[in-house]
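Summary of structural features
Okay, here's what each chain looks like letter by letter:
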Amino acid sequence: MTAAMPRADRPDGYLTSAKRVAGWLRPAWLEVDLARVTANVAHIARTVAPARVCAIVKADGYGHGAVQVACAAIEGGASYLGVALAEEGHELRQAGLDVPVLVLSEPPPEAMRMVVEDHLTAAVYTAGGLSALLDAARAERRDSGAGCAPVPVHLKLDSGMHRVGADESTFAELAAAVAGQPELVLEGAFTHLAVADEPGNAYTGEQLRRFDAALAGLEAEGTKPHLLHAANSAGALCHPEARYAMVRPGIAMYGISPGPLVRAHPAVAALQPVLSLKAQVSFAKEVEAGERVSYGLRYELAHRSVVATVPLGYADGVPRRLYEAGGEVLVGGRRCPIAGTVTMDQIMVDCGPGAGVRTGDEVVLIGRQGSEEVTAWEWASRLGTIAYEVTCGLSPRLPRIYV
Ligand SMILES: *Cc1c(COP(=O)(O)O)cnc(C)c1O
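Residues numbered from 1 in each chain as written. Predicted model: local features only at pLDDT ≥ 70, side-chain atom pairs only at ≥ 80, totals over all residues. Heavy atoms only, no water.

Notes on the sheet that holds strand E11 (residues 283-287)
Strand pairing within a sheet occurs via backbone hydrogen bonds; the two strands may be parallel or antiparallel. The strand order E11-E14-E17 describes an open sheet built from 3 strands, whose pairing is antiparallel. A strand with exactly one partner marks an edge of an open sheet, and here the two such strands are E11 and strand E17 (347-352). When the angles between neighbouring strand axes are averaged without regard to direction, this sheet yields 30 degrees. Bridge count for E11 against strand E14 (residues 305-310) is 5 bridges, and the pairing is antiparallel. The partner of phenylalanine 283 across the bridge, within E14, is threonine 309. (Pairing = 2+ DSSP bridges. Helix = DSSP H or I, 4+ residues; strand = E, 2+ residues; numbered from the N terminus. Axes fitted to C-alpha atoms, helices over the stretch in contact; angles between N-to-C directions.)

Quick notes on the site of the ligand
Taken together, the neighbourhood of the ligand is formed by 13 residues, with Lys58, Tyr62, Ser233, Ile251 and Tyr388 sitting nearest. At 2.8 Å, a backbone N or O of glycine 250 approaches an oxygen atom of the ligand. Separating an oxygen atom of the ligand from a backbone N or O atom of isoleucine 251 is a distance of 2.8 Å. Here the ligand, which alone exposes 390 Å², has 93% of that area covered by the protein. Among the residues making up the shell around the ligand, the classes are represented as 6 nonpolar, 4 polar and 3 charged. (Near = heavy atom within 4 Å. Polar contact = N/O pair within 3.5 Å; in protein donor to acceptor, adjacent residues only side chain to side chain. Areas by Shrake-Rupley, 256 points an atom, 1.4 Å probe, with all protein chains shown as cover. Nonpolar A, V, L, I, M, F, W, Y, C, P; charged D, E, K, R; others polar.)

Re the pairing of E14
On a regular strand, each side chain points to the face opposite its neighbour's, so the side chains alternate between the two faces of the sheet. Burial analysis of E14 places 6 of its 6 residues in the buried class, which makes it a mostly covered element. What you see with E14 is no split at all: Ser305, Val307 and Thr309 on one side and Val306, Ala308 and Val310 on the other are buried throughout. Taken together, the 5 bridges between E14 and E17 define a ladder with antiparallel strand orientation. Residue pairing across strands places threonine 309 opposite methionine 348, the latter belonging to E17. (Buried < 20%, exposed > 50% of the residue type's maximum accessible area, 1.4 Å probe, protein only.)

Remarks on the environment of glycine 332
Residue placement: glycine 332 occurs in the loop between strand E15 (328-331) and strand E16 (334-337). Sequence-distant contacts of glycine 332, that is, excluding residues within four places in its chain, are made with Glu362 and Gln369. (Contact = heavy atoms within 4.5 Å.)

Structural notes on the side chain of glutamate 31
Following the sequence through the fold, glutamate 31 ends up in strand E1 (residues 28-32). The class of glutamate 31 is buried, set by a relative accessible area of 16%. A polar side-chain atom of glutamate 31 sits 3.0 Å from a polar atom in the side chain of tryptophan 29. A polar atom in the side chain of glutamate 31 sits 3.1 Å from the side chain of lysine 278. Once residues lying within four places of it in the same chain are set aside, the contact partners of glutamate 31 are Val274, Leu275, Ser276, Lys278, Ile401 and Val403.

Focus on the pattern of salt bridges
Under the counting rule described, the total for this entry stands at 22 salt bridges. Between aspartate 143 and arginine 113 there is a salt bridge whose closest N-O contact spans 2.9 Å. Of the two residues, aspartate 143 sits in helix H7 (residues 127-144) while arginine 113 sits in helix H6 (residues 112-117), which places them 30 residues apart along the sequence. Across the salt bridge formed by glutamate 378 and arginine 382, the nearest N and O atoms sit 3.1 Å from each other. Here glutamate 378 and its partner arginine 382 are both found in helix H12 (residues 376-383), 4 residues apart, which amounts to about one turn of the helix. (Salt bridge = Lys/Arg side-chain N within 4 Å of Asp/Glu carboxyl O.)

A word on the sheet that holds strand E4 (residues 101-103)
Strands sit in the order E2-E3-E4-E5-E6-E7-E8-E9 around a closed barrel of 8 strands; the barrel is parallel. Bridge count for strand E8 (residues 227-231) against strand E9 (residues 246-247) is 2 bridges, and the pairing is parallel. Note that in E9 the partner of alanine 231 across the bridge is valine 247.

Digging into the packing of helix H8 (residues 168-179) against helix H9 (residues 203-220)
Each pair of packed helices can be described by the angle between their axes along with the distance between the axes. For the pair H8 and H9, interaxial distance at closest approach is 10 Å and the crossing angle is 35 degrees. Crossing hand, H8 versus H9: right-handed. Note on element contacts: H9 touches H8 through Ala213, Ala214, Leu215 and Leu218, opposite Glu168, Phe171, Ala172 and Ala175. Class assignment of the residues belonging to the contact of H8 with H9 gives a composition of 7 nonpolar, no polar and 1 charged. (Left-handed = near helix turned anticlockwise from the far one by under 90°.)

Thoughts on the domain arrangement of the protein chain
For the protein chain, the assigned domains read domain 1 (34-254) and domain 2 (275-402). Distance from the C-alpha centre of domain 1 to the C-alpha centre of domain 2: 39 Å. Contact residues are listed per partner, giving 9 residues for domain 1 and 6 residues for domain 2. Taken together, the two surfaces of domain 1 and domain 2 that pack against each other cover about 820 Å², and 62% of this comes from carbon and sulfur. Broken down residue by residue, the surface that domain 1 buries against domain 2 is led by Tyr62, His64 and Ile251, which jointly contribute 53%. On the surface where domain 1 and domain 2 come into contact, there are 1 salt bridge. (Domains from an automatic or database assignment. Buried area = accessible area lost by both parts, 1.4 Å probe.)

With respect to the side chain of glutamate 183
If you trace the backbone, glutamate 183 turns up in the loop between H8 and strand E7 (184-190). Glutamate 183 sits in the buried class, given a relative accessible area of 13%. In this structure, glutamate 183 is in contact with Leu134, Ala137, Arg138, Arg141, Pro150 and Val151, ignoring residues within four places of it in sequence.

Quick notes on unusual backbone geometry
Between alanine 49 and proline 50 the backbone carries a cis peptide bond, its omega angle lying at 10 degrees. Mapping proline 50 onto the fold places it in the loop between helix H2 (34-48) and strand E2 (52-56). Despite not being glycine, histidine 162 shows a phi value in the positive range, around 60 degrees. For histidine 162, the position within the fold is in the loop between strand E6 (151-156) and H8. Under the relative-accessibility criterion, histidine 162 is labelled exposed at 60%.

Spelled out as structure tokens, the structure:
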């Protein structure tokens, strides 16, 4: 009764609607709601004012598309962009974005010429990094003649996370070294918080005290960078004392809570999720009770049931473990279990006995359908990870639709 229907029988047959929606033949896609990025950034900007907002769009905008997200963030009030790599900054410049772009980790020496040519702002925390940047700034002056503006530098202090950053004495030495170079200007100084998503954890205060002490040290030597920043999303929204002159939200812009302990904070609860992962049923059939589904035959049907195939898999960022972890998708406004092992390009879904599910029906893997919702955090808690890893793991093979 609910075997796959010929496409011609469906006025809204999936080839037509997939083309209309995705501009692609493939009926599996990401929907990115850019108006929500703008609204989330506007909310963050209001919350942290007068601090500025540096919108973090590294890792292709946490899997949402860096250029599109950056434009939407600027519309919402962001006046700086942040990336992990010089190459990511280059991509923003190629797209014509001309706001300041901070490269959050010190670029390797070979990348410093790109930093200077693309007018990126490098994080610096080693003497070697500073000298490579200075060489690149001098080379640029030589090649393009006098009149180049000095190259901005943001020094990074390691205030206790111990990922990257200078210790307090190196920080002071680097500040003095920048001050002595006409090709460079010390525009900013920053640090990064390790536990800002744990509101009761006193270590955030301890990190800020170390940052303040290092800044006081610079000031005593007559150096005062004006653009100070420390806060990621959780810091910006939940720790007013971490805001300084600028904040660096990433995950919050995408409408996702930085962690379970801050989810109920009013400034976090106001965020709206931006990304949905959707597909259309590519094949549907009834399968007899006792039959088993997918590689390894691990899912056994207790009843005769409608099994739908959905054309996306682990090559698209649906983790193979999601089946064992109890993953569910939304079909016809209902939660249905993933039936058996996730394969590279397809998953099967148990839609239940007599379900009227047909080829072309919408399947929501992340996002809302009717009154049901699956969030990136739902996947993350099933899989023992964080929502950041879920959205960053969605593959570029998935077409992205901006709505
Ligand atoms: C990724 C990153 C951020 C943004 O962190 P969120 O938790 O996504 O807000 C800010 N600053 C630095 C240095 C980062 O690496």
